[in-house]
Amino acid sequence: MRRSLLGAASVLKSNAIAPESLVSRGFAHTPGQPFTATLFPGDGIGPEIAESVKKVFSAVGASVQWDEQRVGTTADPRTNSFVSRENLDSVLKHRIGLKGPMATPIGKGHRSLNLTLRKELQLFANVRPCFSIPGYKTRYDNVNLVTIRENTEGEYSGLEHEVVPGVVESLKIITRVASTRVAEYAFKYAADNNRHKVTAVHKANIMKMADGLFIKCCREVKEKYPDIQYEEVIVDNACMQLVKNPAQFDVLVMPNLYGDIISDLCAGLVGGLGLTPSANVGHMGLALMEAVHGTAPDIAGQDKANPTALLMSSVMMLRHMGENDMASRIQNATLDTIAEGKYRTGDLGGKSTCSDFTKAIIDKL
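Let me begin by describing the structure that accompanies this report. (Residues numbered from 1 in each chain as written. Predicted model: local features only at pLDDT ≥ 70, side-chain atom pairs only at ≥ 80, totals over all residues. Heavy atoms only, no water.)

## What to know about the overall build of the chain
Line of reasoning, step 1. When its secondary structure is counted, the chain shows 10 helices and 12 strands.
Line of reasoning, step 2. What you see for the chain is a C-alpha radius of gyration of 20 Å, in line with the 21 Å of a compact globule of 365 residues.
Line of reasoning, step 3. In terms of overall dimensions, the chain has C-alpha extents of about 55 × 50 × 40 Å along its principal axes.
Line of reasoning, step 4. Of all intrachain contacts in the chain linking residues separated by at least 6 positions in sequence, the fraction that spans at least 24 positions is 75%. (Helix = DSSP H or I, 4+ residues; strand = E, 2+ residues; numbered from the N terminus. Rg over C-alpha atoms; globule rule 2.2 N^0.38 Å. Contact = heavy atoms within 4.5 Å.)

## Here's the deal with the nonpolar core
Line of reasoning, step 1. Ranked by internal contacts, the top residues of the largest apolar core, which has 66 residues, are F57, W66, I148, V253 and M317.
Line of reasoning, step 2. When residues in this core are grouped by element, the largest group, 8 residues, is from helix α8 (residues 308-320).
Line of reasoning, step 3. Those residues within four positions of W66 in sequence are excluded, and the remaining contacts are A37, L39, V53, K54, F57, L98 and M317.
Line of reasoning, step 4. V235, L252, M254 and Y258 belong to the second largest nonpolar core, which has 18 residues in total. (Core = buried A, V, L, I, M, F, W, Y, C linked by side-chain atoms within 4.5 Å. Buried < 20%, exposed > 50% of the residue type's maximum accessible area, 1.4 Å probe, protein only.)

## Describing the environment of T138
Line of reasoning, step 1. By the secondary structure assignment, T138 is in the loop between β4 (125-131) and β5 (144-150).
Line of reasoning, step 2. Those residues in contact with T138 that lie beyond four places of it in its chain are L269, V270 and G271.
Line of reasoning, step 3. A polar contact of 2.8 Å, which involves the side chain of T138, links it to the backbone oxygen of Y140.
Line of reasoning, step 4. Among the polar contacts listed, one links the side chain of T138 to the backbone oxygen of L269, at a separation of 3.3 Å. (Polar contact = N/O pair within 3.5 Å; in protein donor to acceptor, adjacent residues only side chain to side chain.)

Any functional reading would require information that these geometric values do not contain.
This is the structure in structure tokens:
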């Protein structure tokens, strides 16, 4: 049975962490041929874990040229963000990219770096696999689910204003176009990857028009997929059910804010954000994979960072490009290193450096 994610040790070596293609690519790439990808090393520990990825890719013989992009230190008036027009153009040119963690100054009046990338590039779906790693013990042993989050609107539309002094209004935007688009992506993802159920997470009992429209769109898309089970769960109940029994879920689709919260909750079920890969996908196969953890400035430059999340995200990138053999080799070497337990970084309960962990992975290649 072909599954897109890990569920148990018996499928550890399978074509696992991500589907062979997250979406149909609108650009041609022949496996084994060179390709260029945009790389945002990011802030804090970002450059260190990006260097780890580059070393592993070199060791495995991946024919990738990195177009490294640095965000600015002042806002670009064309984007109202530290992300420049040139940064965006690089991703649009190459159609594929990898991003380390980025820090946005809080309350400074500029758009979030991540929000800028998602909205300007129309990366409408965030896809985050969440799976138990055999050999790395957590509270749960049977997690194997995917969260799919609408990425462009909702509470993250960036539409806020002060009505009168002391009263701020923040607008939540839900549209039929965006809701249908992400619902169609979720059901197709489930169908393509032998997954059997899609759960729509919402709060339509309170936000009857906004979330009501979202689940209405999900119901309409469901009619095209009679073989996929469908259910609707209110967001607070979904959080409780995930903690009680995560194995009951398969693919979860939800608006932006709920997806931000629930995807982090799911990461906590399997060991944290340091182990969790993520992909942002858009039209015609445009994709930007990312590590979803923070910049960890307290350990930046100390060779203590865990590169797993960015490595696993790079595996998703390779699979999206059809480089399944290299993706499997990197995936298996990384997960085997964690399972072995000899070389683990501090967040995983070990004492190894980022360099030691990276070398251990390379040795297993």
